[in-house]
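Spelled out, the chains give:
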Amino acid sequence: MAKTFEQTAPAFLPADKATALALTPVSRETEQRLDRYVGLLGEWQAKTNLVAPSTLPHLWTRHISDSLQLPALALSARIWVDLGSGGGFPGVVLACALAETPGAVVHLIERNAKKAAFLREALRVTGAPGIVHLGDIGDIVDRITGPVDCVTARALAPLHQLIGFAEPLMRRGAKALFLKGQDVEAELTEATKYWKIESHLHSSRTGGQGWIVELDQVERRNGAGKAVGTQV
Ligand SMILES: C[S@@+](CC[C@H](N)C(=O)[O-])C[C@H]1O[C@@H](n2cnc3c(N)ncnc32)[C@H](O)[C@@H]1O
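Residues numbered from 1 in each chain as written. Predicted model: local features only at pLDDT ≥ 70, side-chain atom pairs only at ≥ 80, totals over all residues.

Q: Help me understand the UniProt feature "binding site: S-adenosyl-L-methionine" (unreviewed entry) in the protein, please; the structure alone is not making it clear to me.
A: As annotated by UniProt and renumbered to match this structure, "binding site: S-adenosyl-L-methionine" (unreviewed entry) occupies Gly84, Phe89 and Arg154. Spanning 71 residues, the named residues nonetheless gather at one spot, since no C-alpha pair among them exceeds 8.9 Å. Inspection of the secondary structure puts phenylalanine 89 in the loop between β1 (79-83) and α5 (91-97). Those residues within four positions of phenylalanine 89 in sequence are excluded, and the remaining contacts are His63, Asp66, Ser67 and Arg154. Locating arginine 154 in the fold gives a position in strand β4 (residues 150-154). Looking at arginine 154, the number of C-beta atoms within 10 Å reads 24, which means it is buried. Aside from chain neighbours lying at most four places away, what touches arginine 154 is Phe89, Pro90 and Leu179. (UniProt positions renumbered as here; feature names shortened; annotations may be inferred. Helix = DSSP H or I, 4+ residues; strand = E, 2+ residues; numbered from the N terminus. Contact = placed C-beta atoms within 7 Å. Buried ≥ 20, exposed ≤ 12 C-beta atoms within 10 Å, placed from the backbone.)

Q: What should I look at first to understand the site of the ligand in this one?
A: Within the structure, the ligand sits among 16 residues, and Gly84, Gly86, Arg111, Arg154 and Ala155 are positioned closest to it. Taken together, the residues of the shell around the ligand break down into six nonpolar, five polar and five charged. (Near = placed C-beta within 6 Å. Nonpolar A, V, L, I, M, F, W, Y, C, P; charged D, E, K, R; others polar.)

Q: Teacher, can you tell me more about the pairing of strand β5 (residues 175-180) here?
A: A regular strand places its side chains so that they alternate between the two faces of the sheet. With five of its six residues buried, β5 lies for the most part within the structure. Across five bridges, β4 lies against β5 in parallel orientation. Paired with alanine 153 across the two strands is phenylalanine 178, which belongs to β5. As for the winding sense of the linkage, the β-α-β connection from β4 through helix α8 (residues 159-171) to β5 is right-handed. In this structure, β5 lies alongside strand β7 (residues 211-220), joined through five bridges in antiparallel fashion. Across the sheet, phenylalanine 178 pairs through a bridge with valine 213, a residue of β7. (Pairing = 2+ DSSP bridges. Right-handed = clockwise from strand over helix to strand, strands pointing away.)

Q: How should the packing of α8 against helix α9 (residues 184-194) be read in this particular structure?
A: In a packed pair of helices, the relevant descriptors are the angle between the two axes and the axis-to-axis distance. Between α8 and α9, whose axes approach to 7 Å, the crossing angle comes to 50°. If you check the angle between α8 and α9, you find them oblique. Packed against α8, whose contacting residues are Leu159, His160 and Ile163, the element α9 presents Glu187, Leu188, Glu190, Ala191 and Tyr194 at the interface. Residue composition of the contact of α8 with α9, by class: five nonpolar, one polar and two charged. (Axes fitted to C-alpha atoms, helices over the stretch in contact; angles between N-to-C directions. Parallel < 35°, antiparallel > 145°, perpendicular 65-115°, else oblique.)

Structure representation (structure tokens):
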């Protein structure tokens, strides 16, 4: 029988949480919201694969701290769109962190119905400001009206495809923050075949070989097909 979250993780989680909150400190209110989110994730993980089971003992440092780095890179951002939110990284964590910020809201786009149901429940139990959109990114981004300040994605697609997804929002003024792994340089090189981009790379505060790619503007290169970024 599959082991539950409580059976696999309890011995590791308090130390991992302490390390994570030293790296990316949060308010007491945000910590309480994140605790409720982690509890719910533990319950649902037994029936829906929300995160890779091998990463559960390092949930706080691997997934939560990774997500908590983003608000500091877009201090004035209020309206966020997270593409392919899955189990809620970074979308639900952002919503928890921004809950005390007036006017903040995170749009979470996810095409898997079970995961979207989990995301809705996570926003409900944490009281964090977010809206879950069940559907394909290509359809949903056009339906999000009004200003968008920042678009995010993690573990979703290669950079050139992410830019294709985000471009309609970036044309409307959004900045992009994409959480990437060690192959970031190769992905940037590939992306410049299709897009004119100016990027800033931030090395992850959580250690390892993670990077955050910050993009303020992108422009499609002449001849690059419109299909770039419409499929994952
Ligand atoms: C590998 S998971 C990553 C989830 C989360 N961002 C994380 O870092 O843990 C990718 C998620 O994106 C969703 N997804 C992939 N392509 C999508 C699309 N075109 N539209 C909406 N969701 C998509 C998948 O259902 C999946 O939950």
